[in-house]
Amino acid sequence: MPKRETENARKECNQIRARLVEVESHLEEKRLKCKETEARQLDRQNEMQEINCQKTEAETSSKHKRKIAELEAQLDEAEDAKTDIRSELIRSSVKTSATTKWTKVLEFLLWEGRML
């Protein structure tokens, strides 16, 4: 009987070993699947970060473009004001020049009138 018990125990032990190998194989498959899933998640996270960076860069670029347009508009206004001031100075200079000319003519005529 002990031989039979030993043989049964040996069979049971072999069955347990076979089951253990199956379980270890199953666990290894799950571990590999988990690693693959982690790698895909990490890739996806990196893609999302890249998209966020591109979005932030696009928003910054858009803000810069709006600021540039705003500054160009201000520059145009300043140039218009400068042109207006120049025109006014030229008109004023022309008036001053004409006034000076007539003043000299009048002074001359008055001087001539005294001489007579």
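Quantities reported herein were computed from a predicted structural model and do not represent experimental measurements. (Residues numbered from 1 in each chain as written. Predicted model: local features only at pLDDT ≥ 70, side-chain atom pairs only at ≥ 80, totals over all residues. Heavy atoms only, no water.)

A. Main features of the overall build of the protein chain. Within the protein chain, the secondary structure is distributed over one helix and zero strands. Its C-alpha radius of gyration of 49 Å places the protein chain more than 25% over the 13 Å reference for a compact globule of 116 residues. Seen through its C-alpha atoms, the protein chain measures out along the principal axes to roughly 170 × 15 × 10 Å. Taking all 116 residues of the protein chain together, 0% fall into the buried category. Summed over its atoms, the accessible surface of the protein chain is roughly 11300 Å², and 57% of this surface lies on carbon and sulfur atoms. Both charge centroids of the protein chain, one from 24 positive and one from 24 negative side chains, sit 3 Å from each other. (Helix = DSSP H or I, 4+ residues; strand = E, 2+ residues; numbered from the N terminus. Rg over C-alpha atoms; globule rule 2.2 N^0.38 Å. Buried < 20%, exposed > 50% of the residue type's maximum accessible area, 1.4 Å probe, protein only. Areas by Shrake-Rupley, 256 points an atom, 1.4 Å probe, with all protein chains shown as cover. Lys, Arg positive; Asp, Glu negative; His and termini not counted. Charge placed at Lys NZ, Arg CZ, Asp CG, Glu CD.)

B. Region of interest: a nonpolar patch on the surface. Side chains of W102, V105, L106, F108 and L109 sit close together on the surface and give an oily, nonpolar patch of about 550 Å² of accessible area. Within the element layout of this structure, V105 appears in helix α1 (residues 2-115). Overall, the relative accessible area of 32% leaves V105 in the partly exposed class. (Patch = residues over 30% accessible without salt bridge, like charges linked within 9 Å, V, L, I, M, F, W, Y side chains within 5 Å. Salt bridge = Lys/Arg side-chain N within 4 Å of Asp/Glu carboxyl O.)

C. Examining a negative patch on the surface more closely. There is a patch of like negative charges on the surface, built from E72, D76, E77, E79, D80, D84 and E88. If you trace the backbone, E77 turns up in helix α1. Take E77: its relative accessible area is 56%, and that puts it in the exposed class.

D. Quick look at the pattern of salt bridges. Enumeration according to the criterion identifies four salt bridges in this entry. A salt bridge links K67 to E70, with the nearest nitrogen and oxygen atoms 3.7 Å apart. Taken together, the positions of K67 and E70, both in helix α1 and three residues apart, correspond to about one turn of that helix. Take K67: its relative accessible area is 44%, and that puts it in the partly exposed class. We classify E70 as partly exposed; its relative accessible area is 41%.

All quantities given are derived from atomic positions and should not be read as evidence of function.
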